[in-house]
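# Coordinate inspection notes
Residues per chain, in single letters:
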Amino acid sequence: MSYTPPYRYIPPITWNWLTPCYDFLCTIAGLGKRFRTKVLRAVALRGDETVIDVGCGTGVFLALAKKTYPRLRLIGIDPDKEALAIAKRRLLKKNLDVELHEAFAESLPLPNASADVCFSTLAFHHMPNEVKQKAIQEIYRILKPGGRVVIADFGVTDSRWPHVLLRLFEKVEYIEGNFKGLIPHYLKQAGFQKIAIAKKHFPAIHLVIARKA
């Protein structure tokens, strides 16, 4: 991985020493397997597509997708070595054939127009605004014409308590862009069409879907 980010990278649960606890904490917070199933079902899949998981973390979504659609070509991308090591062990244990790459969302190691669908779950609130924008441009680049993207992350909310609670665990200037609605805005800027919130999930998480023109 030759790319070096010009910003402070934040691990899945903010601190590296908590990475082994990430899956447990997600389950406790209602962001475990049932939530990932909701993300997977946000778009209809044939089952033979090339699917990218941007910010795949510990591989829970990858394992779920491969077990649900065994013929998918699945590629997981994440910059965190420790999270990828957990993902690799999980996939090997379940004997699931999935490609893993250590890379950042704003510098995807994939050719133009090489993917049918891109998913990203709870990764964009770890990025500065300009990086969110670049990551969405990269997703647009690697998608085939007509390809779809699903971004599940925090979005606009009238409630104040998610703002207050998440400030305890997240970098404020990274997550505020989500609360301001920048993800749909950047999708439109990149050229995506049919941008919509497919579902909402407690607390203040939006499943945003869009299609490449």
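Residues numbered from 1 in each chain as written. Predicted model: local features only at pLDDT ≥ 70, side-chain atom pairs only at ≥ 80, totals over all residues. Heavy atoms only, no water.

For the rest of this paragraph, the subject is the packing of aromatic side chains. Inspection of the entire model under this criterion finds six aromatic pairs. Geometrically, the ring pair formed by Phe61 and Phe119 is tilted, given 4.8 Å between the ring centres and 50° between the ring planes. With a gap of 58 residues between them, Phe61 in helix H3 (residues 60-68) and Phe119 in strand E4 (residues 115-121) connect regions that are remote in the sequence. Exposure remark for Phe61: the relative accessible area of 2% places this residue in the buried category. The buried category is assigned to Phe119, whose relative accessible area is 1%. Ring centres 5.0 Å apart and planes at 90° place the aromatic pair Tyr140 and Phe192 in the edge-to-face group. Highlighted residues: Tyr140 in helix H5 (residues 129-142) and Phe192 in strand E6 (residues 192-201), separated in sequence by 52 residues. The buried category is assigned to Phe192, whose relative accessible area is 4%. Pairwise contacts between aromatic rings join Tyr3, Tyr7, Phe104 and Tyr174 into one cluster. Looking at Lys212, its charged tip hangs above the ring of Tyr140, at a distance of 4.7 Å from the centre. (Phe/Tyr/Trp six-rings, centres within 6.5 Å; stacked < 30°, edge-to-face > 60°. Helix = DSSP H or I, 4+ residues; strand = E, 2+ residues; numbered from the N terminus. Buried < 20%, exposed > 50% of the residue type's maximum accessible area, 1.4 Å probe, protein only. Lys NZ or Arg CZ within 6 Å of the ring centre and 35° of its normal.)

Here we take up unusual backbone geometry. With phi around 50°, Ala113 is a residue other than glycine that occupies positive phi space. Mapped onto the secondary structure, Ala113 falls in the loop between strand E3 (99-102) and E4. Backbone geometry places Lys194, a non-glycine residue, at a positive phi of 50°. Mapped onto the elements of the fold, Lys194 is located in strand E6.

Turning our eyes to something else, we now look at the side chain of Asp23. Structurally, the position occupied by Asp23 is in helix H1 (residues 22-28). For Asp23, the side chain forms a polar contact with the side chain of Thr58, separated by 2.5 Å. Setting aside residues up to four positions removed in sequence, Asp23 forms contacts with Thr58, Val60, Ile86 and Arg90. (Polar contact = N/O pair within 3.5 Å; in protein donor to acceptor, adjacent residues only side chain to side chain. Contact = heavy atoms within 4.5 Å.)

Moving on, we come to helix H4 (residues 81-93). For H4, with 13 residues, the first-to-last C-alpha span of 18 Å sits near the 18 Å given by 1.5 Å per residue. Along H4, the residues classified as buried are Ala83, Leu84, Ile86, Ala87 and Leu91. In a view along the axis of H4, the buried residues occupy a sector of 155°, so they form one face of it. Of the exposed residues in H4, the ones pointing more than 90 degrees away from its buried face are Lys81, Lys88, Arg89, Leu92 and Lys93. Residues of H4 that are buried in the fold lie against H1, H3, strand E2 (73-78) and E3. Of the residues flanking the start of H4, the one acting as N-cap is Asp80, its side-chain oxygen 3.1 Å from the backbone nitrogen of Glu82. Downstream of H4 by a residue or two, Asn95 has a phi angle that is positive, lying close to 55°. (Expected span 1.5 Å × (residues − 1). Arc of directions from axis to C-beta.)

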